[in-house]
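What follows is the residue order along each chain.
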Amino acid sequence: GQLWVEEHSQAVDPLTDPFWSPPISSDYRMTLPHLFLAYPWDKSNLKSMQIDLNQFKELDAYASKVSHILLAEDLVSVLLQKAHSDLEKVRAIWIWICYHIEYDTEAYHHKDKRRCEPADVLLLGKSVCSGYAQLFQQMCSIAGVQCKQLSGFSKGYSYKPGMVIGGETDHAWNAVYLDGRWHLLDSTWGSGYVDNTCRNFTFRYNEFYFLTHPALFINAHFPEDNKWQLLKPTMTLQQYERNINYSSDFYTLGLLAVSAETAVIETENGKAIIFIESRSPMLFLSELNREQKHCLMILKKNGMKLEVYPPQTGTHRLDIFTRLPKKTEKDYKHVLEYSLKCSSVDKRIHLPKMLIQPVGPSWLSEEKGVLEALPLSPIIHMEDGRCIVTFTQSKDLGVFATLDSDSSTVAEEMRRRHIWKTCQGSQVELKIHLPHAGHFALHIWAKNDADPGSNHCVLSYLLSCPNKSVEWPPFPKWYSDWQEGCELVAPLSGVLPANRDVQFKLKIPNVAGVSVKCGKIQPLTLSRDGFWEGTCHTSGAAIVSVRVLKCVSESTFWTVLEYKVENQ
């Protein structure tokens, strides 16, 4: 999809470099166009001149609704009723073409059906890029604005990262002369887009291609004549081939830079890392070979870090999508495509299929109510199969955690018992004891008490344990009366040894008594520091339960914890 973007642009200090340019007037006087410094470009400005798009609001509405007139002179005359300066004239012509001329997908596939003369384009209401450019040039000429039709190579339909570019040119666009300087625009790409087969065209206005800054225009437009890059220094065709193709959405959504600037990237030791810088917090998606797998995404305050682990050697396609975090924004826009070459596979890392992205603490997890989460790393390496995750939960937020794996034979319900949650006010501690070695996804789910909707994942971690000797038993089974403020010190294992004395130490506030049922009843004693403590012998018991008496006047005991005893 395309976006209408309203940017307040700022002028860029130019360098001048003279070359001949046939002007509109018949005397063919010499003009002195200004060139732009290619790099670095002003990242707050997407245009090649200072424009407040709000100034075009009425003109755009007028020009877009002017009816289809078959004579270019008459059409321009009607458009100029609301356009007076050269900039307004160019804008009115641009808007009309973008809203009224359809891309001729049939002519794209059949050259004999192409009609690019301006009169034919107006008659048919459609054409390919050359027809757009010729009509634009003629209408500007009628309006008294200098305009050139340019041709060259583009990174549009059928382009693939890493492909060799050459042969016949495949695209046409325009340059207009405004305020003593040449500016670039592409009315074909401004009008809409074609589907993956180039059989269907959709009108979708794209502001990005109107007077685009040359340092951005060169991403996907390489003119036959290098001087029409309007850049200094100019770019070579080989550089253009290597460089990544940034989509217009990359810039209009507020992305600023990416660490991998070449279209083809290679893994190192089976991994590729990409950083993206954005103007504000953004949400991202990634796909490797069109599947949301084999990538680890870490959100940053202004951008993200993506780790890619291809499952096999060879060449892979990597796509990156982004969207604004507003609730009204749901559709992710495609912003980058890479060709990823992998010469070796990192077998130490396996990303569970159900791992929910992004991974690790971020502004997003804090926005969802999980604050000050530790550890900060999205990957928790567990040599002994144990770790602790802590965080502060916002008020009225209920949380629970799951341990997910696509390779474990342990049932999902039992895997949850390998997580032990302790809450003290807003402070939450999760103890994780893995059932065996491998890679697991730790997902923390939450729902606001006042929210009638379902739980949603607020934080994910990747747990990695290569130690094959790891084999932790589950934590004890807990019941509803084991609530906030309860704390278990011992025993943590849900499986107790047979014929042994087992020490119990736990905190259960606001109860009259606590006892352990282990064949016989063993009361626990309340210590000065608030813990219920005592010992029971597991001889002859298959199940051991911890029970509470809620008040002295009651005779009913409630089970809060349950253990199994190893076979005798």
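From a predicted model like this one, the values you see are computed outputs, not experimental measurements. (Residues numbered from 1 in each chain as written. Predicted model: local features only at pLDDT ≥ 70, side-chain atom pairs only at ≥ 80, totals over all residues. Heavy atoms only, no water.)

### Focus: the pattern of salt bridges
Okay, so step 1: This model, assessed by the stated rule, comprises 15 salt bridges.
Okay, so step 2: Between E429 and K431 there is a salt bridge whose closest N-O contact spans 2.7 Å.
Okay, so step 3: Residue class for E429 comes out partly exposed when judged on its relative accessible area of 25%.
Okay, so step 4: Bridged by salt links that share partners, the residues K47, D60, R91 and E207 form one connected network. (Salt bridge = Lys/Arg side-chain N within 4 Å of Asp/Glu carboxyl O. Buried < 20%, exposed > 50% of the residue type's maximum accessible area, 1.4 Å probe, protein only.)

### Some points on unusual backbone geometry
Okay, so step 1: The residue after L374, namely P375, is reached through a cis peptide bond having omega 5°.
Okay, so step 2: With omega at -5°, the peptide bond leading from A490 into P491 counts as cis.
Okay, so step 3: For P491, the position within the fold is in the loop between β29 (487-490) and β30 (495-496).
Okay, so step 4: Look at D396: it is not a glycine, yet its phi comes out positive at around 65°.
Okay, so step 5: Relative to the helices and strands, D396 resides in the loop between β22 (386-393) and β23 (397-404).
Okay, so step 6: Positioned with a positive phi, N499 is a non-glycine residue whose angle comes to about 55°. (Helix = DSSP H or I, 4+ residues; strand = E, 2+ residues; numbered from the N terminus.)

### Quick look at the side chain of T267
Okay, so step 1: Mapped onto the fold, T267 is located in the loop between β13 (264-266) and β14 (272-278).
Okay, so step 2: A relative accessible area of 8% places T267 in the buried class.
Okay, so step 3: Among residues more than four places away in sequence, those in contact with T267 are A272, P310, L340, K341, C342, S343 and S344. (Contact = heavy atoms within 4.5 Å.)

### A look at a nonpolar patch on the surface
Okay, so step 1: Together, L70, L123 and L124 make up a nonpolar patch on the protein surface, roughly 300 Å² of accessible area in all.
Okay, so step 2: Tracing the sequence through the fold places L123 in helix α5 (residues 118-124). (Patch = residues over 30% accessible without salt bridge, like charges linked within 9 Å, V, L, I, M, F, W, Y side chains within 5 Å. Areas by Shrake-Rupley, 256 points an atom, 1.4 Å probe, with all protein chains shown as cover.)

### Remarks on the UniProt feature "domain: Transglutaminase-like" (unreviewed entry) in the protein
Okay, so step 1: Under the local residue numbering, the UniProt record ascribes the feature "domain: Transglutaminase-like" (unreviewed entry) to residues 121-189.
Okay, so step 2: Annotated as residues 121-189, this span is 32% helix and 33% strand, and its ends, taken at the C-alpha atoms, are 16 Å apart. (UniProt positions renumbered as here; feature names shortened; annotations may be inferred.)

### Topic: the sheet that holds strand β20 (residues 370-374)
Okay, so step 1: The strand order across the open sheet formed by 4 strands is β20-β22-β25-β24, and the pairing between neighbours is antiparallel. Two strands close off the open sheet at either side, each with one partner strand: β20 and β24 (419-424). Here the average twist between neighbouring strands, direction ignored, is 20°.
Okay, so step 2: Bridge count for β24 against strand β25 (residues 427-433) is 6 bridges, and the pairing is antiparallel. (Pairing = 2+ DSSP bridges. Axes fitted to C-alpha atoms, helices over the stretch in contact; angles between N-to-C directions.)

### What to know about the pairing of strand β33 (residues 520-523)
Okay, so step 1: Looking at chain direction, strand β32 (residues 513-518) and β33 are connected through 4 bridges and run antiparallel. Residue pairing for β33: S515 is matched across the bridge by P523.
Okay, so step 2: Linking β32 back to β33 in an antiparallel pair, the connection comprises 1 residue, with G519 at a positive phi of about 80°.

### Some thoughts on helix α2 (residues 72-79)
Okay, so step 1: Listing the buried residues of α2 in full gives A72, L75, V76 and L79. One side of α2 carries all its buried residues, which in axial view fall inside an arc of 95°.
Okay, so step 2: Of the surrounding secondary structure, the elements contacted by the buried residues of α2 are α1 (57-65), α3 (86-100), α5 and α6 (129-143). (Arc of directions from axis to C-beta.)

### Quick look at the environment of N243
Okay, so step 1: For N243, the location among the structural elements is in the loop between α9 (237-242) and α10 (248-252).
Okay, so step 2: Through-space distance from the C-alpha of N243 to that of I218 is 9.9 Å; in sequence the pair is 25 residues apart.
Okay, so step 3: In contact with N243, not counting residues within four places along its chain, are K155, Y159, M235, E261, T262 and A263.

### Structural notes on the nonpolar core
Okay, so step 1: Core analysis: the largest hydrophobic core is formed by 90 residues, its most contacted members being F136, I274, I320, L336 and Y338.
Okay, so step 2: The residues touching L336, leaving out its near neighbours within four places in the chain, are I244, Y246, F250, V258, I276, L318, D319 and I320.
Okay, so step 3: Core analysis: the next-biggest nonpolar cluster, separate from the first, contains 28 residues, M382, A401, L463 and V470 among them. (Core = buried A, V, L, I, M, F, W, Y, C linked by side-chain atoms within 4.5 Å.)

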